[in-house]
Amino acid sequence: MDKIVIEGGKRLKGAVSISGAKNAALPVMAACLLTGGWHRLKRIPRLRDIQTIQRIMTDLGTAFKEEGGALEVNSDHLTGYQAPYDLVKTMRASILLLGPLLARCGRAKISLPGGCAIGARPINLHLKALVAMGADIYLEHGYINARANRLNGANIFFDIPTVTGTENIMMAAVTARGSTILKNAANEPEVQDLADMLRSMGADIEGDGTDTIVIQGVNHLRPCQHEIIPDRIEAGTFMIGAAITRGDITIDACLPGHLISLVEKLELAGADVDTGDRCMTIRGPDRIQSVDIKTMPYPGFPTDLQAQFMTLMAVADGWSMIRETIFENRFIHVSELRRMGADIEINGSQALVKGKDRLFSAPVMATDLRASASLVLAGLVAEGGRTEVHRIYHLDRGYEAIEEKFKGLGAAIWRESE
Ligand code: EPZ
């Protein structure tokens, strides 16, 4: 296992380019199961989660090849419909294979994704919607067994706006018989990116980006070319890095419109943010002002940036209240931040952060993807030596070469093997 070592105190300067979004690439890759022929996907990030879904799809008979900086995907000859436990347990998003496999093969056998560090992560809404579309689904020995000769369009209301639930049902509905209406659908940019890709495959989808999506089933889909949107969570992580180190950085190849909630909170914290069409500059303040946040579905403050923003508040002036409304256990990073001197009090879904003048270097443990990023940010400003972030395989799931990108901005950061 590797660890990341950081010597704090460097102000981030320079420019960084954002990779393709993990949470857009995963459903887009799953959608390639819906039809034969060669899809050409650009800006697929090099991440562990991408390797995992590629491995599962390869076992199903999908062919992959790298061509001219793009990933080409061909599902002409599917030989199976199972996603095994040993792979699904490492990446819950494997549930995204359920909808396309059911639509293409009429069968799917997917290991029930267990919970993870941040919560129970149920998938009841995915299954309820597929049953409404005519699928027979039963759970046995930890697997979801699903069958459907041909799915029927249905009117679906999501009790909660679920991102992968919306994506799964969109993929199931594009070749279903008749129309499907998704109400209280998720409207994250990654959902919209999948809809764009499905439309370029010949799907008939309207309303993505709102809470009501209408899909008219079609009889034929074709392979497509698609470029993945930039990763707004990676971009937000670097923005917070500039704010916390009193740095001055430019973020290239991003979409500022996907980060309006974070930009507003960073400006309240005292940062200067200038936004262009596909780039941003962020200058951190000499004194960071405390700001309250509450995580919400898009376009509200993203839960995937909550841990990173908490690190910023840990060295702000005054008190801030951080409310996590999406997942029930997404404060795991707090105990590690406390080891670095942060003053944080948890009360249920709320964390009260008392800003301190400084954090102190320490050996800390990564526990989940975004908590790991918050510890790296803390290390950038920690005093008194080196911060070591252990178990950084969590980071490698969702950030492409994060230490190289921070090093390119002037941070004293490197990777070592344990
Ligand atoms: C997606 O997870 C993202 N993952 C998560 O990013 C992100 O944090 C989350 O959306 C919220 O934005 C991918 O896109 C691969 P949800 P997802 O279904 O789809 C409840 C990261 O760090 N729910 O939108 O699993 C659920 O418990 C990851 O990149 C049900 O109750 O999240 C949660 O409280 C972490 N039943 C809420 O809905 C269901 O059937 C939102 O979850 C489905 C969800």
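Residues numbered from 1 in each chain as written. Predicted model: local features only at pLDDT ≥ 70, side-chain atom pairs only at ≥ 80, totals over all residues. Heavy atoms only, no water.

**Q** Would you mind going over the overall build of the protein chain with me for this structure?
**A** Along its length, the protein chain carries 14 helices and 24 strands. Taking 418 residues into account, the globule formula puts the C-alpha radius of gyration at 22 Å, and the protein chain, at 21 Å, falls close to it. Taking the principal axes of its C-alpha atoms as reference, the protein chain extends roughly 65 × 45 × 40 Å. A total of 418 residues make up the protein chain; the buried ones form 57% of that total. Considering only residue pairs separated by 6 or more positions, the protein chain has 73% of its internal contacts joining residues 24 or more positions apart. Surface accessibility of the protein chain: about 16,000 Å² in total, with carbon and sulfur atoms responsible for 47%. Averaging the locations of the 46 positively and 50 negatively charged side chains of the protein chain gives two centres separated by 3 Å. (Helix = DSSP H or I, 4+ residues; strand = E, 2+ residues; numbered from the N terminus. Rg over C-alpha atoms; globule rule 2.2 N^0.38 Å. Buried < 20%, exposed > 50% of the residue type's maximum accessible area, 1.4 Å probe, protein only. Contact = heavy atoms within 4.5 Å. Areas by Shrake-Rupley, 256 points an atom, 1.4 Å probe, with all protein chains shown as cover. Lys, Arg positive; Asp, Glu negative; His and termini not counted. Charge placed at Lys NZ, Arg CZ, Asp CG, Glu CD.)

**Q** Just to check I follow, could you spell out the site of the ligand for this structure?
**A** Near the ligand there are 23 residues, and of these N124, T162, T164, D304 and I326 occur at the shortest range. One of the backbone N or O atoms of L125 is found 2.8 Å from an oxygen atom in the ligand. Interatomic distance of 2.8 Å between a side-chain N/O atom of R370 and an oxygen atom of the ligand. Where the shell around the ligand is concerned, the elements lending two or more residues are α1 (22-31), α5 (124-132), α6 (163-173) and α12 (369-381). Per element, the largest residue contribution to the shell around the ligand is three residues, and it comes from α5. Among the residues forming the shell around the ligand, the class breakdown is eleven nonpolar, six polar and six charged. In terms of domain composition, the shell around the ligand takes at least three residues from each of domain 1 (2-19 + 230-417) and domain 2 (22-227). (Near = heavy atom within 4 Å. Polar contact = N/O pair within 3.5 Å; in protein donor to acceptor, adjacent residues only side chain to side chain. Nonpolar A, V, L, I, M, F, W, Y, C, P; charged D, E, K, R; others polar. Domains from an automatic or database assignment.)

**Q** I tried to follow the sheet that holds strand β22 (residues 363-365) on my own but got confused; where do I start?
**A** Two modes of strand pairing occur in sheets, parallel and antiparallel, and in both the strands are linked by backbone hydrogen bonds. As summarised here, the arrangement of the four strands in space is β22-β23-β1-β24, forming an open sheet in which the pairing is mixed. The open sheet is flanked by β22 and β24 (412-417), the only strands paired with a single partner. Between one strand axis and the next, the sheet turns by 25° as a mean value, whatever way the strands run. One ladder, built from five bridges, connects strand β1 (residues 2-7) with strand β23 (residues 386-390); its direction is antiparallel. When the bridges of β23 are listed, V5 appears paired with E388. Contacts from α12 reach β1, β22, β23 and β24, with the element oriented near 30° to β1. (Pairing = 2+ DSSP bridges. Axes fitted to C-alpha atoms, helices over the stretch in contact; angles between N-to-C directions.)

**Q** What's the story with α5 in this structure? I'm lost.
**A** Counting along an α-helix, one turn takes 3.6 residues, and residues three or four places apart therefore face a common direction. Turning to α5, its buried residues number three or more, namely L125, H126, L127, A129 and L130. On its buried face, α5 sits against α4 (98-105), β8 (136-140), β9 (143-147), β10 (155-157) and α6. G134 lies just past α5 and shows a positive phi near 100°.

**Q** Looking at this structure, how should I read the packing of helix α8 (residues 232-244) against helix α10 (residues 306-313)?
**A** Working note: a packed helix pair is described by the angle between its axes plus the distance between those axes. Interhelical geometry of α8 versus α10 gives an angle of 5° and a closest axis separation of 10 Å. Here α8 is positioned roughly parallel relative to α10, judged by the angle of their axes. On the side of α8, the interface is formed by I233, T237, I240, A243 and I244, while α10 contributes Q308, F309, T311 and L312. Partitioning the contact of α8 with α10 into residue classes produces six nonpolar, three polar and no charged. (Parallel < 35°, antiparallel > 145°, perpendicular 65-115°, else oblique.)

**Q** Whenever I open this one, the packing of aromatic side chains confuses me. Can you help?
**A** The relative placement of two aromatic rings is captured by the distance of their centres and the angle of their planes. One pass over the structure, following the stated rule, counts two aromatic pairs. Centroid distance F301 to F309: 5.4 Å. Interplanar angle 70°. Geometry classified as edge-to-face. When its relative accessible area of 0% is taken as the criterion, F309 is described as buried. One cation-aromatic arrangement involves K65 over W38; the distance from NZ or CZ to the ring centre is 4.3 Å. Residue placement shows K109 over the ring face of Y143; its charged tip is 5.3 Å from the ring centre. (Phe/Tyr/Trp six-rings, centres within 6.5 Å; stacked < 30°, edge-to-face > 60°. Lys NZ or Arg CZ within 6 Å of the ring centre and 35° of its normal.)

**Q** What am I meant to see in the domain arrangement of the protein chain here?
**A** Quoted interface sizes are often the accessible area lost when the parts come together. Parsing the protein chain into structural domains produces domain 1 (2-19 + 230-417) and domain 2 (22-227). Summarising the inter-unit geometry, the C-alpha centres of domain 1 and domain 2 are found 30 Å apart. Facing the 27 residues of domain 1 at the interface are 20 residues of domain 2. Approximately 1,900 Å² of surface area, both sides summed, lies buried where domain 1 meets domain 2, with 51% of it carried by carbon and sulfur atoms. Across the contact surface, domain 1 and domain 2 share two salt bridges. The interface formed by domain 1 and domain 2 includes eleven residue pairs in polar contact (both at pLDDT 80 or more). If you list the elements that add at least two residues to the side of domain 1 that touches domain 2, you get α12 and α13 (393-398). (Buried area = accessible area lost by both parts, 1.4 Å probe. Salt bridge = Lys/Arg side-chain N within 4 Å of Asp/Glu carboxyl O.)

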